[in-house]
Amino acid sequence: MDLKYGEIIHKMTLEEKAYMMSGKNTWETVDYEKYGIPSMVMSDGPHGLRRQAGAGDHLGLNASLPATCFPTAASIANSWDEKLGEEIGAALAEEAVTMDVNVILGPGLNIKRSPLCGRNFEYFSEDPYHAGKMAAAYVRGIQSKGISACPKHFAANSQELRRMASNSVVDERTFRELYTTGFEIAVKEGKSKSIMTSYNEINGVYANENKHLLQDILVKEWGFDGFVVSDWGGSNDHALGVEAGSHLEMPGTGKSGMRDIVRAVEEGTLKEEILDQRLDELLKVIFATHQATAEGKGTTFEIEKHHELARKAAEESIVLLKNEKNILPLKKGTKVAVIGDFAKTPRYQGAGSSLVNPAKAPEAILDIIRESGLEMVSYSQGYVRNRKPKRKLIEEAQQATKNAEVVLIFAGLDEISESEGLDRTHMQMPQAQNELIDAISCVNGNIIVVLSAGSAVEMPWFDHVKGIVHGYLGGQAGASAMLNVLTGKCCPSGKLNETYPYHYEDTPAYAYYPSKERSSEYRESLYVGYRYYTTVKAAVRFPFGYGLSYTAFSYDNLKVEPDKVTFTVKNTGSCDGAEVVQLYVGRESKTVFRPVRELKGFQKVWLKAGEQQEVTIAFDDKTFRFFDTRTNTWEIETGTYHVMIGSNAEDIRLSGDLAVAGTVEEGGYKEAELPHYFTGAVKEIKDTEYQALYGKEIPDGSWGKEIHMNDAVCQLNHGKGILGWIFWGVLTLLLKISQWRGKPSLNVLFNYNMPIRGYAKMTGGFVTMDMARALTEMANGHRIKGTGHLIKACVKR
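In what follows, the accompanying structure is described. (Residues numbered from 1 in each chain as written. Predicted model: local features only at pLDDT ≥ 70, side-chain atom pairs only at ≥ 80, totals over all residues. Heavy atoms only, no water.)

Description of the pairing of strand β10 (residues 335-339)
Piece 1. Within β10, four of the five residues are buried, which leaves the element mostly enclosed by the surrounding structure.
Piece 2. The pairing of β10 with strand β11 (residues 375-380) spans five bridges and is parallel. Of the residues in β11, the one forming a bridge with Lys335 is Glu375.
Piece 3. One ladder, built from four bridges, connects β10 with strand β12 (residues 406-412); its direction is parallel. Each residue of the ladder has a partner; that of Ala337, found in β12, is Val407. (Buried < 20%, exposed > 50% of the residue type's maximum accessible area, 1.4 Å probe, protein only. Helix = DSSP H or I, 4+ residues; strand = E, 2+ residues; numbered from the N terminus. Pairing = 2+ DSSP bridges.)

Structure follows, in structure tokens:
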């Protein structure tokens, strides 16, 4: 075996090599001065660095160094601007090297299978092509400074509930086309030096020890040559993970992980040559990134410059959703009433491990609105976060709007509504906000709702307001960016990264999300988001890719060629602006079921008023392909394809056909066996049809009577042990208190969703796997036997 660092590796003992496969602590890898191996530092950072100032705690929740808080991934995805993604990535890396960070743990690009996923604010899109292109841009930007990006969470990680104790049951075609394609683009086009596995099982095998995922797909098919790191606490069987292609379990597990690997080598279940290979692959990145951080030691980043970039990013990402009678932009001197607690205390980022300590105090609308040229005649709080409607506040808000020409209501989702470790249970905004908007519409007809939220919401008040502007989670400079859009200093150009259905019940995964017990069955298959709505012709509030502008654009002169499509876009309005043009491809087939259209390209085009431009979008290897489970590879079905150019997934402006000579004549699917998959009517798929698609028996995901090591703490009330019941009761109470306070406690949420074996992976070696087994026995009511084994394990440790 050809090892780049073989000279070092061959000098190391088995124990030393095994020790390097786990972290030294929460954020750093093991270093060996005698071998010249430095430590590599990792940090959360999808939209801003979370480099802890002091000692790292097991969840990374202690105070972090000040860093620029950029808009979240869900926000930036609305820009559809790959160049902007690269700029943000480069800025993140500039800050990382000043903080001695070698690896930024991001971007996150899990598919938004459901609008309820608590972490959707961290993810780009419901579409894998869109998500992959934006992620690749971030990766290129980050790695342009010599450090490593780390796309996450690989793969099929779609829910936060019991995320460490769930099994994603998904057919291979859906898995490849929807849930790994984004990562493929990030790896192949971004050349990512690392990747983070997800917590969940994929068809019964944990992602971090899934050889099909980590070897067959990641290495052999995509050519990945970096290192694989577990999500924090996501390593199950460490030796099996190393054998399958994982390199590093985090955080550090003391010498517990080392012993697991040494034992596996000695027992012959893990070849030492494979361990050497994994170490060599890890060392390549450690040494490569160490040079960048060494050169950045003692330097600082330009706070103001990065703040300006954060503002630019927010401006490009704001989406104008409604503009009745052109109420926007607001003219200078317009008398406005400002309503809503979000105007005073902004909601500008998500909650959980991505929480950033902003380098500059986050802007608030109330503090800067007078600089915008608007005349604020009144302010009223309107509602209290995470509380029921208060009649007094609503009446005060009504009174405050009576002398205003326009009412600006700042609303959306509060902090407890979307967080790591916690999925939403509905798509509604807080009732206090909905009632406030309804009440104000009774006294003033010129209402503009300014939304702050990281994912889709229902809008029962839609018909009662004239304007809706969505800032998503706009980062530390989001307020000034929003005012620039409201006043016309900036023409809105953002377009939605996800569909907004009228009601949550309209979503394709409604009956399947989240998992009822252990199995999360992806019965909706390919029909996620717009793929479902456009196929079944379901009406939605706002389609994927939707966004209004203060100007208008026309499309013309479509030319479809074998390798590309060209057309003309013209700005027909009176102000400069940008249009996001979208390429969709579809095909009607009797042997391959497909959505009616799928995104296969996009481009953001900047045009001055009256200007026109010829746009070319090249086809690539993903334009016509489908994953063929017969050959276990990508194929192209011979036939005629519909090529569509749209302003969004439903507004198709130009279309043409193209005959394509494929690699197979037919796809092998039979409509009689999969009738609902051919029509897209997937909301109530029966077992027989799903099993025909899945290709094997559907696993029984129901919880058994016994508690196992990989069962979550939130399941302990199903066990026979009184200690398990008490622990479950305490955590459930703490979770309810956290929800009542309106501030998510990641510590509580993490423990609530964590399996028992997780304590052996998150305590720095204080709890060993043998101790976790003993605790499992106690959870099943075997107190005496379990206590004895626990004492024995403590002595052994």
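Side note on the sheet that holds strand β24 (residues 652-660)
To summarise the sheet geometry, strands pair through backbone hydrogen bonds and adopt either a parallel or an antiparallel arrangement.
Piece 1. Taken together, the four strands give an open sheet; going across it, the order is β19-β18-β23-β24, and neighbouring strands pair in antiparallel fashion. Here the strands that pair on one side only, and so sit at the sheet edges, are β19 (598-607) and β24. Looking at each pair of strands side by side, their axes are set apart by 20 degrees on average, direction ignored.
Piece 2. Looking at chain direction, strand β18 (residues 577-586) and strand β23 (residues 639-646) are connected through five bridges and run antiparallel. In the strand pairing of β23, Val585 is matched with Val643. (Axes fitted to C-alpha atoms, helices over the stretch in contact; angles between N-to-C directions.)

Some points on helix α8 (residues 211-221)
Piece 1. By the burial criterion, the buried members of α8 are Leu213, Leu214, Gln215, Ile217 and Leu218.
Piece 2. N-capping of α8 is provided by Asn210, with a side-chain oxygen placed 3.2 Å from the backbone N of His212.
Piece 3. Directly after α8, the chain includes Gly223, whose backbone phi takes a positive value near 75 degrees. (Polar contact = N/O pair within 3.5 Å; in protein donor to acceptor, adjacent residues only side chain to side chain.)

Description of the pattern of salt bridges
Here the idea is simple: oppositely charged side chains can pair when their charged atoms come close.
Piece 1. Summed over the entire model, instances satisfying the criterion amount to 51 salt bridges.
Piece 2. Measuring nitrogen to oxygen at the nearest pair gives 4.0 Å for the salt bridge that ties Arg140 to Glu82. On the criterion of sequence distance, the pair formed by Arg140 in helix α5 (residues 128-143) and Glu82 in helix α4 (residues 82-98) is long-range, its members being 58 residues apart.
Piece 3. Judged by its relative accessible area of 24%, Glu82 is partly exposed.
Piece 4. Residues Lys622 and Asp621 are paired through a salt bridge, measuring 2.8 Å at the closest nitrogen-oxygen approach.
Piece 5. With a relative accessible area of 44%, Asp621 lands in the partly exposed category.
Piece 6. Each of Arg119, Glu122, Glu160, Arg163 and Glu420 takes part in salt bridges that share partners, so that together they form one network. (Salt bridge = Lys/Arg side-chain N within 4 Å of Asp/Glu carboxyl O.)

Quick word on the packing of α5 against helix α7 (residues 181-188)
Piece 1. At their nearest, the axes of α5 and α7 sit 7 Å apart, and the two run at 25 degrees to each other. Of the possible angle classes, the one that applies to α5 and α7 is roughly parallel. Considering the relative orientation of α5 and α7, their crossing is right-handed. Residues Pro128, Tyr129, Gly132, Lys133, Ala135, Ala136 and Val139 of α5 pack against Thr181, Gly182, Ile185 and Ala186 of α7. (Parallel < 35°, antiparallel > 145°, perpendicular 65-115°, else oblique. Left-handed = near helix turned anticlockwise from the far one by under 90°. Contact = heavy atoms within 4.5 Å.)

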